[in-house]
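# Geometric and topological summary
Letter by letter, the chains look like this.
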Number of protein chains: 2
Amino acid sequence: MEDALDANNTIARANRDDFDRQGVTVVNLMSAPGAGKTSLLERALADLDGVRAGVLEGDVQGRVDADRIAALHLPVVQIDTGHGFGGECHLDANMVRSAIPSLPLDELDLLVIENVGNLVCPAEFRVGEDHRIMVSSVAEGEDKPLKYPLMFRACELVLVNKVDLLPHLDFDLDKFLYHLEAVHPGVERMLVSARTGEGIDEWRSWLQRAATRELAPA
Amino acid sequence: MEDALDANNTIARANRDDFDRQGVTVVNLMSAPGAGKTSLLERALADLDGVRAGVLEGDVQGRVDADRIAALHLPVVQIDTGHGFGGECHLDANMVRSAIPSLPLDELDLLVIENVGNLVCPAEFRVGEDHRIMVSSVAEGEDKPLKYPLMFRACELVLVNKVDLLPHLDFDLDKFLYHLEAVHPGVERMLVSARTGEGIDEWRSWLQRAATRELAPA
């Protein structure tokens, strides 16, 4: 397992070198299934000002998310971990490497890699990204940082999504933030709702600052 | 990978023989993180009539769920995949085998194995169960059967949870059920809410029929 992670890190560094050479900032976006990664991307990428963005979609199967992004007229490449990669539950550096030739890197400032929906393994596999972001939906419950600490620790920004549902849930936001602070002290967090648009400007602005390197790569 | 699955199946069969010998019906309960497995178990197991139930809790880390079940005064054993098993994203037959000596099998009619929250790998690893059930929360979106077909196909019962949230979501229930039927024709499904209690009697009755072998093992 450690050998596999070492090999992965070597390829991840090669990916990052390629991205750096082309001046592309790369964000690895992770979450549990159905937390809202694609919806948050649709919201933010539709109005990115002066930033040329593309998306790499990781899924076990299907093009549902890729088709949603393509509808925004943005370059999108699908990695299907179920075909050729044995149904993997995460992206790894080699899968991303295999997709690089299909990406118009010289036309991009920002590449978002939407990982497979999973709170465990994606945290262990770097893919050559500059930034790691996770989405945690309030519908998932306030105990998630305690149960998946590696994922919450791996990320520099946590998007707390679906906050429009808070009045209809028994979710205790203070308790969630307390747990989050316990496993990753000082981590940046934003309360957002892809449905109502709450917090989306702040999230889009974060991506813009990352793309222009105003935010230093982690 | 195929060798690993073969080895897993061999151990799973040994587990099932042990469970059969003691007359224990075993249910493998799976879902994405935060879909509500533990809450649905709390609801159903608290009032199981004439059935002696126990729970095996699989988590990457922590005893949050095990403590919730223990509060019901039911036997519960924790498998921590983060310690001794390398942070696995699923339970396998060997992890369950290692827990068997800690389980009071001769005092149980029903053992529920709550798997790690993950829609990918748990579907590939049998652990010696008679039945596989999954929980899918309506907050996760109606595309989930298309994106995780193996999981939806692996289960004989799908609990569609958090239906109390339907008025507050853009979730199209008919579309979800259509996708579900497309990937697993005829699969049994129940609309439930751990929060309001909707559908819980039906779910509890299913477990009771499984425990008394009125429902044949799959």
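Refer to the preceding data block for the structure.
Below is a summary of the structure that appears in this document.

Reading guide: rules and limits
Residues numbered from 1 in each chain as written. Chains lettered and ligands numbered in written order. Predicted model: local features only at pLDDT ≥ 70, side-chain atom pairs only at ≥ 80, totals over all residues. Heavy atoms only, no water. Pairing = 2+ DSSP bridges. Helix = DSSP H or I, 4+ residues; strand = E, 2+ residues; numbered from the N terminus. Axes fitted to C-alpha atoms, helices over the stretch in contact; angles between N-to-C directions. Expected span 1.5 Å × (residues − 1). Buried < 20%, exposed > 50% of the residue type's maximum accessible area, 1.4 Å probe, protein only. Arc of directions from axis to C-beta. Least-squares fit on C-alpha atoms with pLDDT ≥ 70 in both. Parallel < 35°, antiparallel > 145°, perpendicular 65-115°, else oblique. Contact = heavy atoms within 4.5 Å. Nonpolar A, V, L, I, M, F, W, Y, C, P; charged D, E, K, R; others polar. Salt bridge = Lys/Arg side-chain N within 4 Å of Asp/Glu carboxyl O. 1 Å grid on protein atoms, 1.4 Å probe; cavity = no way out; pocket = protein on both sides within 12 Å on 5 of 7 lines; lining within 4 Å. Points joined across faces, edges and corners; volume = space filled by probe spheres on them. Buried area = accessible area lost by both parts, 1.4 Å probe. Polar contact = N/O pair within 3.5 Å; in protein donor to acceptor, adjacent residues only side chain to side chain.

What follows concerns the sheet that holds strand β1 (residues 25-31) of chain A. All names here are of chain A. The strand order across the open sheet formed by 7 strands is β3-β2-β4-β1-β5-β6-β7, and the pairing between neighbours is parallel. This sheet does not close on itself; its edge strands, each paired only once, are β3 (76-80) and β7 (188-191). Here the average twist between neighbouring strands, direction ignored, is 20 degrees. As defined by bridge partners, strand β5 (residues 131-137) adjoins strand β6 (residues 157-161) across 5 bridges and the pair is classed as parallel. If you follow Ser 136 over to β6, its bridge partner there is Val 160.

Residue and element names in this part refer to chain B. When the terminal C-alpha atoms of helix α1 (residues 2-21) are compared, their 29 Å separation across 20 residues agrees well with the 28 Å that a helix rising 1.5 Å per residue should span. Among all positions in α1, only Leu 5, Asn 8, Ala 12, Asn 15, Asp 18 and Phe 19 are buried. Within α1, the buried residues cover an arc of 130 degrees as seen down the axis, which keeps them to one side. In this structure, α1 carries Glu 2, Asp 3, Arg 13 and Arg 21 as exposed residues pointing more than 90 degrees from its buried face.

Superposition of the two copies of the chain requires a rotation about an axis together with a shift along that axis. At an RMSD of 0.0 Å, chain A and chain B line up after a rotation of 180 degrees and a shift of 0.0 Å along the axis. What we have between these two chains is a two-fold relation.

All names here are of chain B. It is the contact of helix α2 (residues 37-45) with helix α8 (residues 200-211), at a shortest axis distance of 9 Å, that shows an interaxial angle of 75 degrees. Overall, the two elements α2 and α8 adopt an arrangement that is roughly perpendicular. Contacts between α2 and α8 pair Leu 40, Leu 41, Arg 43, Ala 44 and Leu 45 from the former with Ile 200, Trp 203, Arg 204 and Leu 207 from the latter. Of the residues assigned to the contact of α2 with α8, the class counts are 7 nonpolar, no polar and 2 charged.

Another aspect to go through is the pattern of salt bridges. Tallying each qualifying case throughout the model produces 38 salt bridges over all chains. Here Asp 130 of chain B ties to Arg 213 of chain B by a salt bridge, and the two come within 3.5 Å at their closest N and O atoms. Residue Asp 130 of chain B is located in the loop between β4 (110-114) and β5 (131-137), and its partner Arg 213 of chain B is located in the segment after α8; the two are separated by 83 residues in the primary sequence. A relative accessible area of 0% places Asp 130 of chain B in the buried class. Through salt bridges that share partners, Glu 42, Asp 59, Asp 65 and Arg 68 of chain A together with Lys 147 of chain B make up one connected network.

On to empty space enclosed by the protein. Applying the stated rule across the entire model yields 1 cavity of 30 Å³ or more. What lines the largest cavity is simply Pro 33, Gly 34, Ser 137, Ala 139, Glu 140 and Lys 162 of chain A together with Pro 33, Gly 34, Ser 137, Ala 139, Glu 140 and Lys 162 of chain B. A class-by-class count of the residues in the lining of the largest cavity yields 4 nonpolar, 4 polar and 4 charged.

Bringing the interface of chain A and chain B into the picture now. Across the contact, 34 residues belong to chain A and 34 residues belong to chain B. Of the roughly 2700 Å² buried where chain A meets chain B, counting both sides, 55% is carbon and sulfur surface. Sorting the residues of chain A by area buried against chain B places Pro 33, Lys 147 and His 168 of chain A first, and these three jointly supply 21% of that buried surface. Measuring nitrogen to oxygen at the nearest pair gives 2.5 Å for the salt bridge that ties Lys 147 of chain A to Asp 65 of chain B. In this assembly, chain A and chain B are joined by 11 residue pairs in polar contact (both at pLDDT 80 or more).

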